[in-house]
Amino acid sequence: MKAVVAIVRLKGFGFYQSKPSSAFSPVCVAPEQLSSHWKEGKLHLPLVSELNGDKFGEPDAGVDVTFHFGQLITHAAKTRPLDTGTIIGSGTVSNKLDGGPASR
């Protein structure tokens, strides 16, 4: 747990408290439905985004998500009650590999 605490202090976890409701997808999927693509608390699939019909990004969530959901839930539960229906987001997923923004 000490490593998680160090990560939390280093990164601040501010991103997960700052996303507006408009940042959410209109789709909700349970981990069981993701089959082998759900491992180690993360989705291991590319997240393709487009802007005006042009590919804008394709980060691999299994590599490019900073914290797994176990870490996110643990951190959130330390400061507030988490009720049924609570939504926990991963924060920004950007390309760490190939010189993407998160690699710097």
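Summarised in this report is the structure supplied together with it. These figures come from a predicted structure and were not determined experimentally.

## As for the overall build of the chain
Then, number 1: Within the chain one finds 3 helices and 4 strands.
Then, number 2: For the chain, the α and β elements follow one another from N to C terminus as α-β-β-β-β-α-α.
Then, number 3: The proportion of buried residues among the 104 residues of the chain is 21%.
Then, number 4: Of all intrachain contacts in the chain linking residues separated by at least 6 positions in sequence, the fraction that spans at least 24 positions is 52%.
Then, number 5: Surface summary for the chain: the accessible area is close to 7,600 Å², and the carbon and sulfur share equals 56%.

## Thoughts on the side chain of Q71
Then, number 1: Mapped onto the fold, Q71 is located in helix α3 (residues 69–79).
Then, number 2: Assessed through its relative accessible area of 12%, Q71 is described here as buried.
Then, number 3: Separated by 2.9 Å, the side chain of Q71 and the backbone nitrogen of H68 make a polar contact.

## Notes on unusual backbone geometry
Then, number 1: Of note in the backbone geometry, S35 takes a positive phi value of approximately 55° without being a glycine.
Then, number 2: Structurally, the position occupied by S35 is in the loop between α1 (2–11) and β1 (38–39).
Then, number 3: Even without glycine at this site, N52 takes up a positive phi of about 55°.
Then, number 4: As for its placement among the helices and strands, N52 is situated in the loop between β3 (49–51) and β4 (54–57).
Then, number 5: You can call N52 exposed: its relative accessible area is 76%.

## Side note on α3
Then, number 1: Residues of α3 that are buried: Q71, L72, H75 and A76. When α3 is viewed along its axis, its buried side chains cluster within an angular range of 125° and face the same direction.

## A few points about the pairing of β4
Then, number 1: Where β3 meets β4, 3 bridges bridge the pair, whose relative direction is antiparallel. Within β4, the position partnered with L51 by the bridge is D54.
Then, number 2: Taken together, β3 and the strand that follows it, β4, pair antiparallel across an intervening segment of 2 residues, in which N52 is found at a positive phi of about 55°.

## Here we look at the environment of F67
Then, number 1: When you line up the elements, F67 lands in the loop between α2 (61–64) and α3.
Then, number 2: Residue classification places F67 among the buried residues on the basis of a relative accessible area of 1%.
Then, number 3: C-alpha separation for the pair F67 and G41, spaced 26 residues apart in sequence, amounts to 8.7 Å.

Definitions and cut-offs
Residues numbered from 1 in each chain as written. Predicted model: local features only at pLDDT ≥ 70, side-chain atom pairs only at ≥ 80, totals over all residues. Heavy atoms only, no water. Helix = DSSP H or I, 4+ residues; strand = E, 2+ residues; numbered from the N terminus. Buried < 20%, exposed > 50% of the residue type's maximum accessible area, 1.4 Å probe, protein only. Contact = heavy atoms within 4.5 Å. Areas by Shrake-Rupley, 256 points an atom, 1.4 Å probe, with all protein chains shown as cover. Polar contact = N/O pair within 3.5 Å; in protein donor to acceptor, adjacent residues only side chain to side chain. Arc of directions from axis to C-beta. Pairing = 2+ DSSP bridges.

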